[in-house]
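Summary of structural features
For reference, the chains in residue letters:
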Amino acid sequence: GTYKIPAFNDVPQEFNVSLMEDVENPFAVHSSKAIGEPPFFLGSTVFYAIKDAIRAARKDSNIDDYFELRMPATSERIRMACADEIANECLGSISEHS
């Protein structure tokens with residue numbers, strides 16, 4: 001919980017790096033040269049931000065119960081998870097036609 005993703009202002013004003021050439025690393029995984037945060041995982045932050053926004057919208061409608069949001073968070077899933085009067089109107093029209 002207390003880990004913060006580095007921001008642009010976390011970089012020192014001067015940062016000198018030199019790379020070693022042709023150096024063996026027997027401890028590396030599949031000859032990798034370095035490790036770091038996988039950039040693709042940052043995409044999950046968008047999903048959880050959407051889920052928090054849905055939770056806030058539901059709270060505005062006095063709905064505070066558990067809800068499930070599956071990936072991918074499509075616009076339809078987001079709209080229906082809000083469970084506001086527009087989404088409920090859509091659900092009502094679906095049940096009337098079935």
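An account of the accompanying structure is given in this report. Nothing here was measured: the structure is a model prediction, and the numbers come from that model.

Overview of the overall build of the protein
For the protein, the helix and strand inventory stands at three helices and zero strands. Looking at the 98 residues of the protein, the share that counts as buried comes to 12%. Residue pairs at least 24 apart in sequence account for 32% of intrachain contacts in the protein once pairs closer than 6 positions are excluded.

Quick notes on the pattern of salt bridges
Within this structure, the stated rule accounts for four salt bridges. Here Arg58 makes a salt bridge to Asp65, at a shortest N to O gap of 2.8 Å. The partner of Asp84 in a salt bridge is Arg79, with the nearest N and O atoms 2.1 Å apart. Residue class for Asp84 comes out buried when judged on its relative accessible area of 19%.

Focus on the packing of aromatic side chains
One pair of aromatic rings is described through two measures. These are the centre distance and the angle between the planes. Following the criterion strictly, the structure yields one aromatic pair and no others. Look at Phe47 and Tyr48: their rings are 5.2 Å apart centre to centre, the planes differ by 85°, and that puts the pair in the edge-to-face class. Overall, Phe47 belongs to the buried group, its relative accessible area being 9%. Above the face of the Phe67 ring, Lys51 is positioned so that its terminal group lies 5.5 Å from the ring centre.

Here we look at a nonpolar patch on the surface
On the surface, a nonpolar cluster with roughly 490 Å² of combined accessible area is contributed by Val11, Phe15, Val17 and Leu19. Within the fold, Val11 resides in the segment before helix H1 (43-60).

Conventions we followed
Residues numbered from 1 in each chain as written. Predicted model: local features only at pLDDT ≥ 70, side-chain atom pairs only at ≥ 80, totals over all residues. Heavy atoms only, no water. Helix = DSSP H or I, 4+ residues; strand = E, 2+ residues; numbered from the N terminus. Buried < 20%, exposed > 50% of the residue type's maximum accessible area, 1.4 Å probe, protein only. Contact = heavy atoms within 4.5 Å. Salt bridge = Lys/Arg side-chain N within 4 Å of Asp/Glu carboxyl O. Phe/Tyr/Trp six-rings, centres within 6.5 Å; stacked < 30°, edge-to-face > 60°. Lys NZ or Arg CZ within 6 Å of the ring centre and 35° of its normal. Patch = residues over 30% accessible without salt bridge, like charges linked within 9 Å, V, L, I, M, F, W, Y side chains within 5 Å. Areas by Shrake-Rupley, 256 points an atom, 1.4 Å probe, with all protein chains shown as cover.

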